[in-house]
Amino acid sequence: MSLPSLASGPQGPDALRPLLATVLDALAEGTRARGGPLPAGGPQTVAARLRSTVGDILPDDGDPNALHTLVRALAEGAADPADPLCAAHLHGPPLAVATAADLAASALNPSLDSWDQAPAASELETLVTRALARETGATDALVTTGGTESNLLALLLARETLGPVRLVCSTAAHHSLPRATWLLGLPEPVLVPAPHGTLDPAALDHTLTTLTGPALVAATAGTTDAGLIDPLPALADICTTHGARLHIDAAYGGGLLFSDRHRPALTGLDRAHTVTLDLHKLGWQPVAAGLLTVRDPHDLHALHHRADYLSATDDTEAGIPDLLGRSLRTTRRPDILKIAVTLKTLGRSGLGALVDQVCARAHQLADLIEAHPTLELHSRPTISTVLFRPTDAPDDTVAALRRTLLHDGHAVLGRARLDGRLWLKATLLNPHTRPGDLAALLKPAEGSTPR
Ligand SMILES: *Cc1c(COP(=O)(O)O)cnc(C)c1O
């Protein structure tokens, strides 16, 4: 039996080349077979097809066609964020250049838990995290798997700095924040009602006045449901007045930093102790590409950790960088490579243009809805999320409409409950979406108004 080839080393590129051709062919075939934003037929149909294609996943004797078979099956059954009608979630289409860089990360497989596994990757991470931290007015940043891990770390750093803090956030804040308090054994969070979708400064002021003990206020720059941005400067003032720590979850809105036009919407971001960024949203990265920026580098001492085999004191004293305190994970992918490649390939103007493009498309979609006789717009978009519904339709009809679209494979729209009603949600993250696609996105909702 000949041994399977390796991805790195002198033979790596030559071993990969034909396999890449297989992958690319399988992606093309699977995408063609699907022919739309997601596979038609609903969960049972998709599951049955996948099962019958895969067959025995651990056969006694291997199948040399498995790469083609499985990649094709995954592509055929994918919800493809590059299709303009796939617009439910903060699930963006990755840039080809970032995905190509991610291949190199997989091939070289550096692990960011010790310098001797990642000599250049660790330096690249330092360089890029510092640069991105500066964008938010912070000094340093940790690489995470996304907003959920960033929010957890923000609460952990707050707890280690202040003791058992109480999380104060709006009901529109991301669910990962209250969940992190549970995980970290913190007191029950205080959820401030957000009738208009954002954290109201007066309500926050009132809440902090009645609280005793240390508080971490988590504001949101880009709510998941509506893309709304909390009034950051006013909230920061109130935190200062009450001596509360401020975290800003900019998992969605953080990408606006790249755009000259939209950056002012994030004024006040630099006043946070910690900021969550998520470049697999408005940054067009393959998952995962999260960051937590930290204003005071002393806060990071809380993560300091030693394991003799990875970060011996004498090694550190001899000048070998100690990386273990940069994450709660041990083995860690170099997600920074695709981010670095993207930042340098596109530059600020290139990324800014993508941000401007998706925000402009969201406004065009809102225009179409406003002008439409049977559709209702929730509000003008702040970032690139547009909420709408067939006028006067009951919530059940709206929910069923969304499921029908999913079942038929016509479109992937999200849902959001706001102002006591259920809305269809279009989250526009695809810079290639054209005006004609917007009309197609609305088409299925047009006819469903009860007459
Ligand atoms: C998406 C999102 C998160 C969670 O990010 P993941 O990358 O999915 O872990 C956190 N906060 C907000 C506001 C989000 O939109």
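Please read these numbers as outputs of a predicted model, since none were measured by experiment.

Draft legend 1. Broad picture of a nonpolar patch on the surface. A surface patch of nonpolar side chains, amounting to about 340 Å² of accessible area, comprises Ile-57, Leu-58 and Leu-70. Residue position: Leu-70 is located in helix α3 (residues 66–76). Its relative accessible area of 34% is what places Leu-70 among the partly exposed residues.

Draft legend 2. Focus on the pattern of salt bridges. Under the defined criterion, the tally for this structure stands at 27 salt bridges. We note a salt bridge from Arg-245 to Asp-299, for which the minimum N-O separation is 2.9 Å. Here Arg-245, found in strand β5 (residues 245–250), pairs with Asp-299, found in the loop between β7 (290–294) and α10 (308–311); they are 54 residues apart in sequence, far enough to count as distant. Accessibility expressed as a relative area gives 7% for Asp-299, which makes it buried. Among the salt bridges present, the one from Glu-376 reaches Arg-421, with a minimum N-O distance of 2.7 Å.

Draft legend 3. Just unusual backbone geometry, in detail. Put simply, Val-287 and Ala-288 share a cis peptide bond, and its omega is 5°. Here Ala-288 lies in the loop between β6 (274–278) and β7. Even without glycine at this site, Asn-109 takes up a positive phi of about 55°. If you trace the backbone, Asn-109 turns up in the loop between α4 (96–108) and α5 (119–135).

What counts and what doesn't
- Residues numbered from 1 in each chain as written.
- Predicted model: local features only at pLDDT ≥ 70, side-chain atom pairs only at ≥ 80, totals over all residues.
- Heavy atoms only, no water.
- Patch = residues over 30% accessible without salt bridge, like charges linked within 9 Å, V, L, I, M, F, W, Y side chains within 5 Å.
- Areas by Shrake-Rupley, 256 points an atom, 1.4 Å probe, with all protein chains shown as cover.
- Salt bridge = Lys/Arg side-chain N within 4 Å of Asp/Glu carboxyl O.
- Helix = DSSP H or I, 4+ residues; strand = E, 2+ residues; numbered from the N terminus.
- Buried < 20%, exposed > 50% of the residue type's maximum accessible area, 1.4 Å probe, protein only.

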